[in-house]
Structures are given as C-alpha cells and as structure tokens.
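The lines below spell out each chain.
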Amino acid sequence: MDKKMIIVGAGIAGLSTGCYALMNGYQPVIFEAHNIPGGLCTAWKKKGYTFDISMHMLTNSKSGPFRRMWDELEVTREQEFYYHDNLVAVEGKKKKLIFYLDREKLERQMLEISPEDAGLIKKFNNLFFGRSILNSASLDLPESKGLLSRFKSSFAMLPLMSTFKRYGNITLQEFVSRFHDPFLARAIRSSVDSPGWPMPRYPMIALSGFASAGGSEAGYPLGGSRKVAFKMANFFKRSGGIIHYNSRVDDLLVEESRVHGVRLKDGSVHEADIVVWAGDGHHLIYDILKGEYLDDRIREMYNKWLVVKPIVQVCLGVNMDLSEEPQKIIYEVDKPIKVAAEEFDWISIMLHAFDKSMAPAGKSSLEVWYATDFKFWEELSKDRQKYDAEKKRIAQETIVALEEKWPGLGAKTEVIDVATPMTYVRYTGNWQGSVDGWYITPENMMKQKMKRILPGLDNLYMVGQWTAPFTGTVIAAMSGRQLIQFLCRKERRNFNVRHVTPLVPEHSELMAT
C-alpha cells in the first residue's frame, strides 16, 4: 500500500502515530518545530541538573491494557521503573499527612487527624483502594468493537455500576467539603488537586482504584520524560521512519476540501496522501483553517470545556541530598507568594532526587509549581525587563519559603531557572500555554471518544491532547494507535502491531522505602 503520511509534531501522540503507521504499511514522515522529540513530554538540563516537567508516572507500567501498548512502542524495553510508596505528603504548620498507597497506613493517619470524620474516611478509602476504573479500559477503537467486544466491556463495567451510581455526579471538591477537619479535607483534595496542578471539578468517580492506577501500577520511568521520548523516536527511526527537526509547519495545502500536504516556515511544500496533526488543536482549527471546519462538538470543546491552566515552574538545583523526601510535597508557607493575581499560602514541590540521573551525586533537582493566568504573562512578556524581574522575584520568594523546610537551602542553591506559560508557547505553541488540554469534569468525562476529523475536510486527522479531555501521555499515545486502527478499518484491512517481549523482567522495579 505504501501511502505517504505526514505527521505534524514529534510529541508522544505524533511518535505513536508514526510507529503504528509503520507497522501497518504507511510511509510516515514527521515534521517537528523543535530540535528534539517529545513535545510536552520533555525535560531540560542545566549545569548537571535535569528538570523534568512531564512524566512523573507511566500509567499501567506494571500491568493492564496500556502496558501492552507501551510494550508495542518499546517504551518498556530495557526500562527500569521506580514505584513510590506514596502519592504526596501534605505538610501544614500543625498537621501532616503522607498519602501512602497502603490502606492501613493511610487510614490510620487520617483517623488520628480527625476521628469524627471516620465515616467519610472509610468511604473515601473504599473508593480510592477499590476496583480501578481502568479495568474497563480498552486499547481497541470504539467504532471497531464487535458484539463480543462490547459485551466484554459492559461486563467489565458491572462491578463499577454501584460506584458510578454513588459518585458519578459528584466532584472531589464537593466530597471533601463534607469533612469536619479542614486540614484533612485539603490533604485528601491534594491527592490530585494541588496549588501547582489544580483539577477543578474533578469527578469523584475518577478516583476509583486510583491507589493502583495512579500509584502501585504506575511507575516512574528512570531517566524521565526525555528518555521515554527518545526511545520512541529511536524506535520510529529504526523501523524506517523519518523525522525532520527544526521544521515548523505554517500551513496546510487544501484543494477542494481535501488536504494534500503542508507548507513549512521556510516556504518548502511537502505532499502526502494523509496528513496527521499532532500539534496544538486551536492553532490548527482557528488560525490555520480560520474556523471554517466546525461542528457542535468542536464548539463545545473550545468554548465550554475548561482549559488546563498554565504553570510557572521555579526549578532549583541544590547541593543537598533530598532523596529521602517524598516525590511530591504540598507545603504551607509562612508568607504567601504572589504569582500573577493569586497568592499561594500552600506550594507544590516536585522532587526528582530518587532518580540518580537527575542531578550530580549527593545533590538534588526540584521544582515548585504555581498554576497561573496566561494573559498576565502574555502581557508582561512584552516588557522583557519587567518579565525577567518578576521571574526573579518569584524565584527568590520561593527559595525563602523552602528554607523554612530545609534551612540553608538558599546558600546551597547552584541553579535557578524559571519557566512560565510563555516558555511553553515558545517551545510547543500550546494554546494559552496549557500543559495538557482540557480538564476532566463530570460534564465531559463520558465524552472520551477521540475527535479525529474536522467536518467537511478530507485527508486530515488529529491526534493528541486536544482530541479528548485530559489526555496525558497515555491517552496521547493511544490516540495515535487508535487513529491507525481507524484508517485500517476505513481501508478494510487488518490492523497489525509488533509484539515485543521486554528485556527487563516485569518485577525488576525499584521500590521506595
């Protein structure tokens, strides 16, 4: 068959699309604006310290439906994973909760903090440590499921029906508002909804089995985001794929409502039988195509769904060994830190010290994340002097706050780097500097079917974070797999995958102590 396919963007979705395209007889070529693969799944290095902004866990790294996909893409090949024994530590001035993935340990802490919330604590832990909602997930294209496959999916959902009935229309925020103890309410909310990574209107049902789906079954790939991205890119190239870096696509070639190629920033034109857009959805639909190809679903997504907020990341390389600390800490500070119009009296600290590749021996890289307002930074960036001064102020105040927890940290700080929403725009072109796409909410949770095509436009397909609510790396990769399934079904032929036996045994992971 050998149809030529152009893929715009070498992020996880674009790389996945390319790999599965090669497995099924297409000739894919990827055009990437940056000089490395990965898109938002990336990290950067400065004076020996690595700051990783993306892959803090790999869903189904140990087992489950998505493990098969990671095997097919060779992500798991010769890959060691680190499995934490907790999700987050929440440290207030008077109380502390470590969100252990061991039910007995977690429940004991919760009851010590607030015995009067015993009933709600039990309900939460029944859900959190219960049957995972991912048990009903499938890699298969929904449109291609036969009667037997649909029956199996429905059967897998049966044990969760009572859970859906109880929690299907309630948010995490609404649930924790019932607690008597305000600290415990904050701590439970911080399991997914934190100052640096807010999840407003997070569906309570999404926490079903989260202890396994987001913890014990989801390991951190040692080497981080860049290692995973480069592994996928190298697999793609070894399989015969071509990636052109520093090649920004500025326009599509459209004739009689049919896309037949792309035009790069340098003016060169490249033809193809199929074009796959794995970049920013808003830029494609509203800037390049001028909003000419819309339907009700697209209007709902871009006009009503909540866009994931951009973040400010204060990245620090410190001459301190913080490897015994939890991977994530929500910390109450003495003096609020103002970022844009919001004051943060709690901050989100991300630590990578458990991964020895992230910093020189005996030292640590860490980040403090602040969810922020895009328009503030967009306007401020027009005055470079004020923009740089604001970044410096936030970094300095952050270091002062961290010294409350780790005295002497300021003097031992060797690297300071601050990323803002404009950093994301510059490197990825993401709309409003968003770090993911849309938040998942009770209103859009069941609308997970990928939005792959635009009405009235042939030969153009979309993959990635703008095709469904809150995709992350796992759904981004699956969007590429399912697009190739979709094309194979459209052309009435079998979808093929390359099965890989991982070279590292299933349980060779490192465990946190």
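Structure: see above.
The numbers attached to residues start from 1 for each chain and follow its sequence in the written order. For this predicted model, a pLDDT threshold of at least 70 governs which residues receive local features, and a threshold of 80 or more governs which side-chain atom pairs are given and counted, while totals over whole chains, interfaces and linings are taken from all residues. Side-chain metrics in this entry use all non-hydrogen atoms of the structure; hydrogen atoms and water are not considered.

Draft legend 1. Here's a closer look at helix 15 (residues 421–428). Think of it in three bands: with a 1.4 Å probe and only protein chains considered, a residue is buried below 20% of the maximum accessible area for its type, exposed above 50%, and partly exposed in between. A run of H or I in DSSP becomes a helix once it reaches four residues, and a run of E becomes a strand once it reaches two; helices and strands are each numbered from the N terminus. When helix 15 is considered as a whole, its buried residues turn out to be Pro 421, Met 422, Thr 423 and Tyr 424. In this structure, the buried residues of helix 15 make contact with strand 14 (311–318), helix 13 (374–380), helix 14 (384–405) and strand 18 (413–419). We call two residues in contact whenever any of their non-hydrogen atoms come within 4.5 Å of each other.

Draft legend 2. Structural detail: the pattern of salt bridges. Whenever Lys or Arg places a side-chain nitrogen within 4 Å of a carboxyl oxygen from Asp or Glu, that contact is recorded as a salt bridge. For the structure shown, the criterion picks out 25 salt bridges. A salt bridge links Arg 238 to Glu 74, with the shortest nitrogen-to-oxygen separation between them at 2.5 Å. Here Arg 238 is found in helix 10 (residues 224–238), whereas its partner Glu 74 is found in the loop between helix 2 (65–72) and strand 5 (81–83), with 164 residues between them in sequence. For Glu 74, a relative accessible area of 11% puts it in the buried group. Measuring nitrogen to oxygen at the nearest pair gives 2.5 Å for the salt bridge that ties Arg 201 to Glu 443. In this pair, Arg 201 is assigned in the loop between helix 8 (182–189) and helix 9 (210–216) and Glu 443 in the loop between helix 15 and strand 19 (460–462), connecting sequence segments 242 residues apart. Its relative accessible area of 33% is what places Arg 201 among the partly exposed residues.

Draft legend 3. Up close: the environment of Val 435. Mapping Val 435 onto the fold places it in the loop between helix 15 and strand 19. Sequence separation between Val 435 and Asn 496 is 61 residues, and the spatial gap between their C-alpha atoms is 32 Å.

Draft legend 4. Unusual backbone geometry, seen in detail. Positive phi, close to 50°, is recorded for Lys 47, a residue that is not glycine. With respect to the element layout, Lys 47 can be found in the loop between strand 3 (43–46) and strand 4 (49–52). Notably, Glu 74 is not glycine yet its phi reads approximately 65°, a positive angle.

Draft legend 5. Main features of the sheet that holds strand 2 (residues 27–31). Strand pairing requires that DSSP identify at least two bridges connecting the strands. Spatial ordering of the open sheet is given by 9-2-1-13-19, a layout of five strands whose pairing is parallel. On the outer flanks of this sheet lie strand 9 (242–244) and strand 19, each paired with one strand and no other. Neighbouring strand axes in the sheet, compared pairwise and without regard to direction, differ in orientation by 20° on average. Here strand 1 (residues 4–8) runs beside strand 13 (residues 274–277); their pairing, made up of four bridges, is parallel. Opposite Ile 7, over in strand 13, you have Val 276 as the bridge partner. Along the sheet, helix 10 makes contact with strand 2 and strand 9, crossing strand 9 at roughly 125°. Fitting a line to C-alpha atoms yields each axis, with helices limited to the stretch in contact; the angle taken between N-to-C directions then spans 0 to 180 degrees.

Structural measurements only, silent on function.
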